Amino acid sequence: MRVVEAVDLTAGVTSTEEAPSRAPAPLLPVAVGMMAGVLLDDRAALSAWFYAVALVITTSLILAMKLRIHSHLVLLVLASASIGALRYHLAFRTIPADHIAHRTADEPVLCHLRGRVLTIPDIREPDPSVPRAYEVGPKTRFLLEASLVDSGHSMVPASGRIAVSIKEPVLRVRAGDIVEMTGWLYRPRPPANPGEYDRALASRRAGILAGMSCDHAEGVRVIGHTGRGLLDTLRLRLSALLLHECLPEDDPGAGVIAAVVLGHRDSVPKAMNDAFVRTGNAHFLAASGMNVAWVALTGWVVLALLGVYYRTRAIVMALLIAVYVLTAEPEPSIQRAGVMGLLGCLCLFLRGRRSVLNWLACSAVVVLMVDPADLFRPGFQLSFLGALAASHVATTIRTYATPRIIHAADRIGLRPYLVAYGFMPHEADPHIDLDTSLRGSLAVWFVKALGLTATVSLACWIATAPLCCYAFGQITPWGVLGTMILWLPALLATIVGFVKLALGIAFPSSAIFLGPLLAWATNCMTAVVDFLSHLPGTMIDGRKPSLAWVLATYAVIAWGVYWPGVRRFPHRFKIATLIILLWWAIPPRWVTHDADALNVWMLAVGDGTGTVVEFPNGKVAVVDFGTRSPFAAGNVATAFLRERGIRRVDTVFISHTDFDHFSGIEAIAREFELGRLIVNDHFEPYIRENSASWRFLKTIHEAGVPVEIVNGPKTFDEFGDVHLEAIWPPPLSEEQFAADNERSMVLSLTYQGRRLLLTGDIAKQGMAGLLQKGNVTADVLALPHHGSVVTNTKPFIDAVNPTICVRSSGQRRSMTRNGIEAIVGNRKYFNTSDDGCVLVRIEKGNATAQAIMRAK
């Protein structure tokens, strides 16, 4: 056994700690193998028979042959991998014959079905910060378990979960209701743009393979009710008891109490939830391992003070954890924490040699057997990383930091005071204190708790920061400080909340005494979070590092924690850490920038336009970005720019005053540096006060972005070898147009002898004007006005004679009836509604285009 001796201020005595690397963990190969198997099937999707045969072979070899320990470990990992892959295959890829997903198609299908409402209907107000072309009302969302579906002749049995979205508030539907509804049944589509969250994959891993959309609340009819379940009734009762004589329901703190004590995260107001997320303290709102640990710790301490036998304590703790998990909101985080807590109680009951790695490995095996797709959720990964950090990484930090703290105390003359008050042992005998009577003083216990909280908070931050950078693209530097400050009021709120619930059932009047205390603890939490959220740098860019960087970072952390030789060669570890930090600091743009090609990204934004141009000299331009569709085009833009590692947009071109060409620019201006915004001289004279375009320009001016006005055709020379020219419209002084579409700025980009035209929304007059000027030939054409057809559309396309045509539209091919595809003819044709983001690339004298996210 490797032993590390160090004076530990967090424990108050000289500590002898067992190094975490030596603790036995026989289940660790099983957990690693299962994870590898899940990853294998997710990537390769082999046959279930292949996994079954592999499992039989490896198991037979383990049982029948006498092999060396290393060979047994390899076979054990392979057998576990077969189990993991088979379990994931059956859960993720096997669909029953009557599943509702079999009735979906590439296009939405009008469908009438019956089912049971599984979740409480969630009525969501539209985000007021998102610019919209027209007013959008509240939407209702819930999960439905299908039971019958109309086959055209009769209702036939069906199964499967459906994500339902209704474009109106539905007040009469409750969880447990049996409903019949008519709407558009659809198959969740993969992401359309780089950087976009893959909701289809996340839904599939959650067992949701279909969605249904209804335009009106009348499309849903309640025909029966199964009755609220016992647990649902109990949860509502407990929620009412928790808030009684505490805080009004409309107070933001009420939602925080419900989240911290009962795991009701949906009760937290959006502004307060965002504040917890920005400060890196969202884990206090997500009922998880911390809450379960507090429940178990409270029960263990109380029973220990009462002198209860340790096995009885373990049983009572397990019962407390089970009750808490059942009564809290049924979220994956609390269920994972419940599994880990129950297995920990089993370990205490058996009183075997404790191994955190073995405990976590066993927990991971159980969780993955129940839901193998949980492996891909950041919550699963963060839960286990946090537990490892609190045990192993914190121990390493404490062992490393304590001697240095003592040395620093010696240098500044604080050692006699620390010895006198029991913080540090006497020099003559390191195991005997000078003043043992002070050992239990409040100051000593406070410093011990502070030291433990500091090391655990720092360890958890170090362990989870790389994953947060990769999964969320953000770092919260104040997260360590927030956890150190918030743990005490959060612990107090949790314990008082539990006591209030327990006493409130038998003695409702006890809320008069406990309610104010619970409100005070909660107000302390919200005040601290509000203060931290206003500090500079609460959330900084995590740079979205590569998976290779994440794996290398965790390899270095594991090296520092588990490798015995790291203390003999500290300089090597420091160099490795420095390399990791420098690797993270490398601007992502250095990797994504292509100095030999012109890349024009035409993103899918529904009924709108969004184009990002990456020039060979490193400059970036945005040409229009907006939509009339009921979603935030700005989110699409910012996600794409972050994915490409872009931090500055040098130029923004806005073709004209239509909302669907600029609604996403404000979001870009909030998160990225904008060099300038360019409009033509037809833009401002035609906008009305308080119109959307007027408010847009006002916002841009307030953001300090310079606005440049172009009078007629102009060439822009700052884009290196790319010849960029505005070729339409003519100056306002020469010609005016009644329709705003005809005033659209048309841009021509020429590189290596290849030309691309971005035509905005020009229609009959604009195309006629360009034809009259002549020389409109181009290799790539962004079809005018989202692929609309007017009398001279065909002559214009024939004159341009492109080899590639791209239509930015929210209208799919199957719904298009204007004949644009016939006009395009045999040319290569893309529609962003069907194909997603289209990348036009000019390199080595060739112009090519491809659908990036969706296959044609």
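The structure reproduced in this document is the subject of the present report. Bear in mind that the values here come from a model prediction, so they are computed numbers and not experimental data.

Right, let's get into the overall build of the protein chain. Scanning the protein chain from terminus to terminus reveals 26 helices and 29 strands. Its C-alpha atoms give the protein chain a radius of gyration of 31 Å, within 12% of the compact-globule value 29 Å for 856 residues. Along the longest, intermediate and shortest principal axes, the C-alpha atoms of the protein chain span 100 × 75 × 70 Å. Put simply, the protein chain shows about 40800 Å² of open surface, and 62% of that area lies on carbon and sulfur atoms. Measuring between centres, the 79 positive side-chain charges of the protein chain sit 8 Å from its 72 negative side-chain charges.

Looking now at the pairing of strand E29 (residues 846–851). Pairing of strand E28 (residues 838–843) with E29, which is carried by 6 bridges, proceeds in the antiparallel orientation. Opposite valine 840, over in E29, you have alanine 849 as the bridge partner. Linking E28 back to E29 in an antiparallel pair, the connection comprises 2 residues, with lysine 844 at a positive phi of about 55°.

Our next topic: empty space enclosed by the protein. Counted under the stated rule, the structure contains 6 cavities of 30 Å³ or more. There is about 220 Å³ of room inside the largest cavity. Taken together, 21 residues form the lining of the largest cavity, with Thr609, Thr611, Thr759, Gly760 and Ala782 sitting closest to its centre. Going through the elements one at a time, strand E14 (608–614) and strand E15 (620–627) are the ones with two or more residues in the lining of the largest cavity. Looking at which element gives the most residues to the lining of the largest cavity, the answer is E14, with 3 residues. Each residue belonging to the lining of the largest cavity can be placed in one class, and the counts come to 10 nonpolar, 9 polar and 2 charged.

This brings us to the packing of helix H6 (residues 252–262) against helix H16 (residues 511–533). In contact at an axis separation of 10 Å, H6 and H16 are set at 100° when each is read in the N-to-C sense. One element, H6, and the other, H16, form an angle in the roughly perpendicular class. In contact with Gly253, Val256, Ile257 and Val260 of H6, H16 contributes Leu518, Thr522, Met525 and Thr526. Each residue belonging to the contact of H6 with H16 can be placed in one class, and the counts come to 5 nonpolar, 3 polar and no charged.

With 17 residues, helix H1 (residues 28–44) extends 24 Å between its outermost C-alpha atoms, agreeing within 8% with the 24 Å of an ideal straight helix rising 1.5 Å per residue. If you check which residues of H1 are buried, you get Pro29, Val30, Ala31, Gly33, Met34, Gly37, Val38, Asp41 and Asp42.

Turning next to the nonpolar core. Counting residues in hydrophobic clusters, the biggest one holds 32 residues, and the most contacted among them are Val612, Phe625, Ile654, Ile665 and Leu677. When residues of this core are traced back to their parent elements, those giving at least two are E15, helix H20 (633–643), helix H21 (665–671), strand E19 (677–680) and helix H22 (692–702). Counting residues per element, this core draws most heavily on H20, which supplies 5 residues. Listed in part, the 31 residues of the second largest apolar core include Met602, Val710, Phe719 and Val722.

For the rest of this paragraph, the subject is the pattern of salt bridges. Throughout the structure, instances matching the rule amount to 33 salt bridges. With a shortest N-O distance of 3.0 Å, aspartate 374 and arginine 377 are connected by a salt bridge. What you see here is one network of salt bridges that share partners, running through Glu107, Arg812, Arg813, Asp834 and Asp835.

Working definition: the strands of a sheet are paired by backbone hydrogen bonds and lie parallel or antiparallel to each other. With mixed pairing, 7 strands are arranged side by side in an open sheet as E21-E22-E23-E24-E25-E26-E27. Edge strands, defined here as strands with exactly one partner in the open sheet, are strand E21 (714–716) and strand E27 (828–831). The average angle at which neighbouring strand axes cross in this sheet is 15°, direction not considered. Taken together, the 3 bridges between strand E25 (residues 780–782) and strand E26 (residues 804–807) define a ladder with parallel strand orientation. The partner of alanine 782 across the bridge, within E26, is valine 806. The strands touched by helix H23 (residues 764–773) are strand E22 (723–728) and strand E23 (746–751); relative to E22, the strand with the most contacts, the crossing angle is about 115°.

The rules we used
- Residues numbered from 1 in each chain as written.
- Predicted model: local features only at pLDDT ≥ 70, side-chain atom pairs only at ≥ 80, totals over all residues.
- Heavy atoms only, no water.
- Helix = DSSP H or I, 4+ residues; strand = E, 2+ residues; numbered from the N terminus.
- Rg over C-alpha atoms; globule rule 2.2 N^0.38 Å.
- Areas by Shrake-Rupley, 256 points an atom, 1.4 Å probe, with all protein chains shown as cover.
- Lys, Arg positive; Asp, Glu negative; His and termini not counted.
- Charge placed at Lys NZ, Arg CZ, Asp CG, Glu CD.
- Pairing = 2+ DSSP bridges.
- 1 Å grid on protein atoms, 1.4 Å probe; cavity = no way out; pocket = protein on both sides within 12 Å on 5 of 7 lines; lining within 4 Å.
- Points joined across faces, edges and corners; volume = space filled by probe spheres on them.
- Nonpolar A, V, L, I, M, F, W, Y, C, P; charged D, E, K, R; others polar.
- Axes fitted to C-alpha atoms, helices over the stretch in contact; angles between N-to-C directions.
- Parallel < 35°, antiparallel > 145°, perpendicular 65-115°, else oblique.
- Contact = heavy atoms within 4.5 Å.
- Expected span 1.5 Å × (residues − 1).
- Buried < 20%, exposed > 50% of the residue type's maximum accessible area, 1.4 Å probe, protein only.
- Core = buried A, V, L, I, M, F, W, Y, C linked by side-chain atoms within 4.5 Å.
- Salt bridge = Lys/Arg side-chain N within 4 Å of Asp/Glu carboxyl O.

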